[in-house]
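Understanding the architecture of this molecule
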Amino acid sequence: NGIRIKFPEAGYRVMFSDLDTGIILYNNDVASPGTLVTSVKKFFVRFRLQIFRKGGTEAIFTHDYNAEGKEVMIQLPVGTIGDSIGWFSYVERFQKKHKCKLICVMTPWIAELFKAQYPDITFISNKETEEHKPYACYYLGLFFKGNDTHQPSDFRYVGLHRTAGYILGVDPADIPPRLREPGPRSIQEPYVCIAAQSSSQAKYWNNPNGWRELVKFLKSSGYRVLCIDKEPSHGVGITWNQIPYGAEDFTGDKPLQERVDLLQHADFFVGLSSGLAWLAWACRVPVVMISGFTHPLNEFETPYRVINFHVCNSCWNDMRVEFDHYDFLWCQSHKGTDRHFESTRLISSEHVINTVKRIPA
């Protein structure tokens, strides 16, 4: 959360700089007792702090950032699956880079996926944060409206998951996190998992025949098709999306480990830019991702990404607009016209089926 210095009395000058760039970020006199000086930037910066007597030129106190052996707290403030899975590998990278005692604040039911695989990281809930006094604290998130205080690069420009690498100052490359070992295979026949639901209509595959034709193709190819969404239907007002016709209903509010067990034994996964796609990626199964709402750079690398560049696309990553989380039918340019949701409505079933055919399995 940046550098913070509180002065019990006046008569000092404070200066802090970026050790890696040599740039002086702040240099000013302390005006009054009780003054709190904080950095504008809240993401990772390797700070040097220097304190001088007012009018003096020789530092009476110098401290260079060094987290080795110290407690560092990284907070993942949301309880959504995709964000937590996408960001978590950067948490471990920070811990290894700085050799610190890392505390990860994470929703407990998501943390259960990781605990056994990351014994060097302490997992706590939001309620437990006040029990710790860390040397440094960082907040991972998507910061909107051009926020450059909590992120060095806008997440729309670098991608949903890589933004965590930039915030923490570590390598932003794609690396899926390690999950708990799967349970035994419970379905002996060949099967694939699909997920068709999302949080906004723009993220859905809005081709009215898409899922039906895809499921028909998969079943004719000898696969059972399991729909593993949390809900069999989702929507707002008179706009509702149902479980794809012909798919087996494996929906429900079930433990994530059950989803992991199904995914890790599946031949592949087909879904949207949603949390279950990130879970499938972490399970190391081939992921066919259908999304015109996001640009491919927004998510993890997959050779089976489906997007139609012949029509309006990638509005989530458009730096000129702000996504409205409260409008379920949000569409950047074409809401209320015959081009509404064309970014996914005009992704054909043939396009998706041909992509599936490229999977070696």
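Our structure's up above, just so we're on the same page.
Residues numbered from 1 in each chain as written. Predicted model: local features only at pLDDT ≥ 70, side-chain atom pairs only at ≥ 80, totals over all residues. Heavy atoms only, no water.

So, the overall build of the protein
Helix and strand counts for the protein come out as nine helices and 18 strands. Expressed along its principal axes, the backbone C-alpha trace of the protein runs to roughly 80 × 50 × 35 Å. Within the protein, buried positions represent 52% of all 361 residues. Intrachain contacts of the protein at a sequence separation of at least 6 include 64% that bridge at least 24 residues. Here the protein has roughly 17300 Å² of accessible surface; of this, 51% comes from carbon and sulfur atoms. When the 40 positive and 39 negative side-chain charges of the protein are each reduced to one mean point, those points stand 2 Å apart. (Helix = DSSP H or I, 4+ residues; strand = E, 2+ residues; numbered from the N terminus. Buried < 20%, exposed > 50% of the residue type's maximum accessible area, 1.4 Å probe, protein only. Contact = heavy atoms within 4.5 Å. Areas by Shrake-Rupley, 256 points an atom, 1.4 Å probe, with all protein chains shown as cover. Lys, Arg positive; Asp, Glu negative; His and termini not counted. Charge placed at Lys NZ, Arg CZ, Asp CG, Glu CD.)

So, the sheet that holds strand β10 (residues 136-139)
Taken in spatial order, the four strands line up as β9-β8-β7-β10 in an open sheet, and their pairing is parallel. In the strand order of this sheet, the two ends are held by β9 (121-124) and β10, each with one partner. Here the average twist between neighbouring strands, direction ignored, is 20 degrees. Judged from the five bridges that link them, strand β7 (residues 71-75) and strand β8 (residues 101-105) form a sheet pairing that is parallel. Among the inter-strand pairings, E71 is bridged to a residue of β8, identified as K101. Together, β7, β8, β9 and β10 form the strand contacts of helix α1 (residues 81-98), whose direction differs from that of β8 by roughly 160 degrees. (Pairing = 2+ DSSP bridges. Axes fitted to C-alpha atoms, helices over the stretch in contact; angles between N-to-C directions.)

So, the nonpolar core
Counting residues in hydrophobic clusters, the biggest one holds 82 residues, and the most contacted among them are I74, F94, F114 and F269. With residues up to four places along the chain from it excluded, the contact list for F94 reads F44, Y65, V72, I74, C100, L102, Y138, L168 and V170. Judged by nonpolar contacts, the second largest core, of 25 residues, contains A196, L272, I347 and V352. (Core = buried A, V, L, I, M, F, W, Y, C linked by side-chain atoms within 4.5 Å.)

Quick word on the state of the cysteines
If you walk through the whole model with that rule in mind, you get zero disulfides. Just so you know, C193 is unpaired, no disulfide at all, and the nearest cysteine sulfur is the one on C283, 9.1 Å from it. The exposure class of C193 is buried, given its relative accessible area of 0%. Taking the relative accessible area as the measure of exposure, C283 reaches 7% and is therefore buried. (Disulfide = S-S within 2.5 Å.)

A word on helix α9 (residues 349-357)
Because each turn of an α-helix spans 3.6 residues, side chains separated by three or four positions end up pointing in the same direction. Those residues of α9 that sit buried are S349, V352, I353, T355 and V356. The arc that holds every buried residue of α9, seen down its axis, measures 160 degrees, which confines them to one face. The outward face of α9, more than 90 degrees from its buried face, is lined by the exposed residues E350 and K357. Residues of α9 that are buried sit in contact with α5 (210-220), β17 (287-290) and β18 (305-306). (Arc of directions from axis to C-beta.)

Some thoughts on the packing of aromatic side chains
Overall, the coordinates contain 25 aromatic pairs when judged by the stated rule. When the centroid spacing of 5.4 Å and the interplanar angle of 55 degrees are considered together, the rings of F94 and Y138 count as tilted. Of the two residues, F94 sits in helix α1 while Y138 sits in strand β10, which places them 44 residues apart along the sequence. Owing to a relative accessible area of 4%, Y138 belongs among the buried residues under this scheme. Geometrically, the ring pair formed by F323 and W330 is edge-to-face, given 4.9 Å between the ring centres and 75 degrees between the ring planes. Here the two residues F323 and W330 agree in accessibility, since each one is buried. Site record: aromatic cluster; members linked through ring pairs are F144, F155, F293, W316, F323 and W330. (Phe/Tyr/Trp six-rings, centres within 6.5 Å; stacked < 30°, edge-to-face > 60°.)

Points about the pattern of salt bridges
In this structure the tally under the stated criterion is 15 salt bridges. In this structure, the salt-bridge partner of R162 is D174, at a minimum N-O distance of 3.2 Å. Of the two residues, R162 sits in helix α4 (residues 162-168) while D174 sits in the loop between α4 and β11 (191-194), which places them 12 residues apart along the sequence. For D327, the salt bridge is made with K335, and the minimal N-O distance between the two is 2.7 Å. (Salt bridge = Lys/Arg side-chain N within 4 Å of Asp/Glu carboxyl O.)

Comments concerning the sheet that holds β18
Taken in spatial order, the six strands make up an open sheet running β15-β12-β11-β16-β17-β18, and their pairing is parallel. For this open sheet the edge positions go to β15 (248-249) and β18, each flanked by a neighbour on one side alone. For β11 and strand β12 (residues 224-227), the ladder comprises four bridges, and the chain directions are parallel. The residue bridging V192 from the neighbouring strand is V225, located in β12. This element, helix α7 (residues 275-282), spans β16 (269-271) and β17 of the sheet and lies at about 160 degrees to β17.

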